[in-house]
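Structure at a glance
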Amino acid sequence: MKRNKQWNVNKALALASLFHFLHCAGKACVVPFLTIYFRQLGLTAPFVGIIMGTKYFISLVCAPFWSYCARRHNMRRVLVLGSLLSSIGAGLLLTLISPVDKEAGYKFCNGSMQTGHSLADGGTTVKKVDFEKNNIAHTTSPTTTYISSRVIVTTKQASVTFPRLNLTGVSVAHRTEWSRSTVAREISLASAYTSRSTSKKAHHRFDSKPSQIVPDAESSGKGRSLLPADGQKRAKKGISSGSGSNQLVQRNIGLDNDSRNKQKMHDQSLEPSSLKILDIQHQTFVLILLTVSLWELLASTLEWVADDGLYDYLDFVDSVDRYGKQWIWGSLGTAVAACSVGIFVDRLNCFLNAHTSRTAVHFYSYAVVITLALLVGVFYPNHTPKKSGPVNRTVKGLYLIGSDGRAILYAVTVFVTGAVGSTVNNFLFWQIQNNGGTETYMGISVAIAVIAEILLFVFKEKMLRSLSLPGVVGLGLFSLAAQFLYYSFLWTSWAVLPIQILNAFSNGALWWAVHAQSADLATPGMERTLHKVFHGLSFGLGASSGSFASGFIVDNFNLAILYQSCSAVAVLWTLVFLAIQSRIPRQKRLNYSRLLAADTSDMSDSEDEPDKDWLVKALKNDDFL
């Protein structure tokens, strides 16, 4: 008792809880919104999938490595503080990367993205949004009139006329690319024909009234050709085919149709603007990939090292039974930060200044909150044992899982849930954006999911006893499948909020069952290691694999197909899990750590009721090894 007062365990646990609250709050400010930021920078779904998959894989590899180095060299506090400080700088580096298209910041700003149909890349069709170019007219008489299905360009050296464009129903990304490449191509073609013209006389100028303009039959459904009604027949005589659907109309001008002119026209029609945009997109992708990899390499140090330090501290002061409650404070921090930053960012203008999008506020908030966590981390409870075991605990944990049939089944289960669950972390907010949702709905959806887990935690023990571990896992998998199916049919942005309640079963209850299974499997001192192995299989290996695959699925199909596929996989594995687990014999080991942490009420001193003693029950049970 004196030792506990001397070490002040309550104060140490309060500091640890505050640290977890701030650290999880800092992550919640930016991590759930990362893919939204990547989309705003102009990255496609495959690029986003590769970046997020790389992030999960780096965490899987680096977290055990940093934990081993910190324990071996007794540098836990230094690594924790260094990780916090360096991750701030690495996170802010992302705000310095320029977008592929500077207009991208307006695409999904302040609800300007209206509800539409999903495109192959996860985008949407814009409705009731007009993208217009101001009319540019000169009074000089043009010599050549160049007509396409969308735009008319009349030129005499610098003379150009653009009608007002209304691209309703065209996606924003395709609209911007078309407006740049098409107009530049048509201007260059018109200029080329002007320079190649053999006639040096004055040419007749179209000066018709709007009532004289009739639609061209060949451009019906695509646009309207601005030709005078009385000049249709004569104009058709001067039409020669260009690339695609482009056509050139010249009056009283002889065209040079030799092979050199055709080759020149073809070369000029291949405007390299799309290739240039593609190069910029790949450059942006590489920069983001390197920055995120560096960020994860530095940030992955923290969780395992801090957790090991706290556990060893509580073990040293004989208070291990109080370990494990800090996750509640971390979840509260996630809920508060995600909801708050989402609402705050929506209240800002689309751009803070000429070059900074409001999305950068997520990274600034992350830097501020992590700085507070850094100050608390100076006093974080930590203890490093003088002696460390000669056997690598991670390898031993993998051996324990591989030697038990039920453990293997649970390992495959968490891998599957991690793979399909990564699609929620990566592309659910894309689906919300496609339905006109703002970051307020995104933040609230994260808060509802986390709070639902906390509320269900009150009934954890009762649920595990009444449904059994396989029953809880089956319930969690079915809830996950229902969520995916619901996501595929989202009809409006707020509709995502009610279904988030099922996260209490699909994530919370499922992982409680997995932890209970690992507790049955663990030998003395290996329970935490098994927890980490299961989490690595799910949020590391599984999430990485799912991210790589889901990006290409979204690119080739759409988000609805992705979530329907994930729902089908979850249902199928639920049936397989329930069918196989009943045929695998249960092998339960005695967990001596429970004996040390047991309350006095769990032990029976009465000789009249020996059956109530858990040790007697264990010795009578043939299933125990």
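Residues numbered from 1 in each chain as written. Predicted model: local features only at pLDDT ≥ 70, side-chain atom pairs only at ≥ 80, totals over all residues. Heavy atoms only, no water.

**A look at the overall build of the protein chain**
- Each helix and strand counted, the protein chain has 22 helices and 6 strands in total.
- Contacts spanning at least 24 positions in sequence make up 80% of the contacts within the protein chain whose residues lie at least 6 apart.
- For the protein chain, the computed accessible surface area is about 31300 Å², with 60% contributed by carbon and sulfur atoms. (Helix = DSSP H or I, 4+ residues; strand = E, 2+ residues; numbered from the N terminus. Contact = heavy atoms within 4.5 Å. Areas by Shrake-Rupley, 256 points an atom, 1.4 Å probe, with all protein chains shown as cover.)

**As for helix 10 (residues 301-316)**
- Between its terminal C-alpha atoms helix 10 stretches 23 Å, which fits the 22 Å expected from 16 residues at 1.5 Å a residue.
- Of all the residues in helix 10, the buried ones are Thr301, Leu302, Val305, Ala306, Asp307, Asp308, Gly309, Leu310, Asp312, Tyr313 and Leu314. (Expected span 1.5 Å × (residues − 1). Buried < 20%, exposed > 50% of the residue type's maximum accessible area, 1.4 Å probe, protein only.)

**Some points on the packing of aromatic side chains**
- Overall, the coordinates contain 18 aromatic pairs when judged by the stated rule.
- Ring centres of tyrosine 311 and tyrosine 323 lie 5.1 Å apart, and the angle between their planes is 80 degrees; on these two criteria the pair is classed as edge-to-face. Of the two residues, tyrosine 311 sits in helix 10 while tyrosine 323 sits in the loop between helix 10 and helix 11 (326-346), which places them 12 residues apart along the sequence.
- Residue tyrosine 311 is classed as partly exposed on the basis of its relative accessible area, which comes to 21%.
- Look at tyrosine 323 and you get partly exposed, because its relative accessible area is 23%.
- Ring pairs connect the aromatic residues Tyr37, Phe38, Trp295, Phe363 and Tyr366, which therefore count as one cluster.
- The side chain of arginine 39 reaches across the aromatic face of tryptophan 430, ending 4.4 Å from its centre.
- Sitting over the face of the ring of tyrosine 311, arginine 528 holds its NZ or CZ atom 4.3 Å from the ring centroid. (Phe/Tyr/Trp six-rings, centres within 6.5 Å; stacked < 30°, edge-to-face > 60°. Lys NZ or Arg CZ within 6 Å of the ring centre and 35° of its normal.)

**A look at the pattern of salt bridges**
- Counted by the stated rule, this structure contains 8 salt bridges.
- A salt bridge links arginine 71 to aspartate 312, with the shortest nitrogen-to-oxygen separation between them at 3.3 Å. With arginine 71 in helix 4 (residues 45-73) and aspartate 312 in helix 10, this residue pair connects regions lying 241 residues apart in the sequence.
- The class of arginine 71 is partly exposed, set by a relative accessible area of 25%.
- In this structure aspartate 312 comes out as buried when scored by relative accessible area, which is 10%.
- Residues aspartate 346 and arginine 358 are paired through a salt bridge, measuring 3.6 Å at the closest nitrogen-oxygen approach. (Salt bridge = Lys/Arg side-chain N within 4 Å of Asp/Glu carboxyl O.)

**Here we look at the nonpolar core**
- Among the nonpolar cores identified, the biggest contains 83 residues, and Phe19, Phe38, Leu94, Ile288 and Phe427 are the most heavily contacted of them.
- Residue contributions to this core peak at 10 residues, all from helix 2 (residues 9-30).
- Counting contributing residues per domain, this core is built from domain 1 (8-100 + 281-384) and domain 2 (391-584), each supplying no fewer than three.
- Counting residues in hydrophobic clusters, the runner-up holds 33 residues, among them Leu409, Val414, Trp512 and Phe534. (Core = buried A, V, L, I, M, F, W, Y, C linked by side-chain atoms within 4.5 Å. Domains from an automatic or database assignment.)

**A look at the side chain of histidine 23**
- Mapped onto the fold, histidine 23 is located in helix 2.
- We classify histidine 23 as buried; its relative accessible area is 10%.
- Excluding residues that lie within four positions of it along the chain, histidine 23 makes contacts with Leu84, Leu302, Glu303, Ile370 and Ala373.

**What to know about the environment of alanine 481**
- Residue position: alanine 481 is located in helix 16 (residues 460-488).
- It is 7.2 Å that separates the C-alpha atoms of alanine 481 and cysteine 566, two residues lying 85 residues apart in sequence.
- Non-local contacts of alanine 481, meaning those with residues more than four positions away in its chain, are made with Ser567, Ala570 and Val571.

**Thoughts on a nonpolar patch on the surface**
- On the surface, a nonpolar cluster with roughly 350 Å² of combined accessible area is contributed by Leu93, Leu96, Leu294 and Leu297.
- Of note, leucine 96 is situated in the loop between helix 5 (76-93) and strand 1 (144-147).
- For leucine 96, a relative accessible area of 65% corresponds to the exposed category. (Patch = residues over 30% accessible without salt bridge, like charges linked within 9 Å, V, L, I, M, F, W, Y side chains within 5 Å.)

**A word on the packing of helix 14 (residues 405-434) against helix 20 (residues 559-581)**
- One way to put it is that helix 14 packs onto helix 20 with a least axis distance of 10 Å and a crossing angle of 160 degrees. As judged from the angle between their axes, helix 14 and helix 20 are roughly antiparallel. When you trace helix 14 past helix 20, the crossing you get is left-handed. (Axes fitted to C-alpha atoms, helices over the stretch in contact; angles between N-to-C directions. Parallel < 35°, antiparallel > 145°, perpendicular 65-115°, else oblique. Left-handed = near helix turned anticlockwise from the far one by under 90°.)

**Concerning unusual backbone geometry**
- Despite not being glycine, aspartate 318 has its phi angle at roughly 60 degrees, a positive value.
- Note that aspartate 318 resides in the loop between helix 10 and helix 11.
- Phi is positive for serine 468, close to 70 degrees, though the residue is something other than glycine.
- Structurally, the position occupied by serine 468 is in helix 16.
- On the accessibility criterion, serine 468 (36% relative accessible area) is partly exposed.

**Observations regarding the packing of helix 13 (residues 393-402) against helix 19 (residues 527-556)**
- Running from N to C, helix 13 and helix 19 cross one another at 80 degrees; their axes reach a closest spacing of 9 Å. In terms of their interaxial angle, helix 13 and helix 19 are classed as roughly perpendicular. In this structure, helix 13 uses Arg393, Thr394, Gly397, Leu398, Leu400 and Ile401 to contact helix 19, whose residues at the interface are Thr529, Leu530, Val533 and Phe534.
- Residues that form the contact of helix 13 with helix 19 fall into these classes: 6 nonpolar, 3 polar and 1 charged. (Nonpolar A, V, L, I, M, F, W, Y, C, P; charged D, E, K, R; others polar.)

**Re helix 13**
- Along helix 13, the residues classified as buried are Gly397, Leu400 and Ile401. Looking straight down helix 13, one finds its buried side chains confined to an arc of 95 degrees; they lie on one side. Seen from the buried face of helix 13, the exposed residues on the opposite side, beyond 90 degrees, are Val395, Tyr399 and Gly402.
- Buried residues along helix 13 sit in contact with helix 14, helix 18 (503-521) and helix 19. (Arc of directions from axis to C-beta.)

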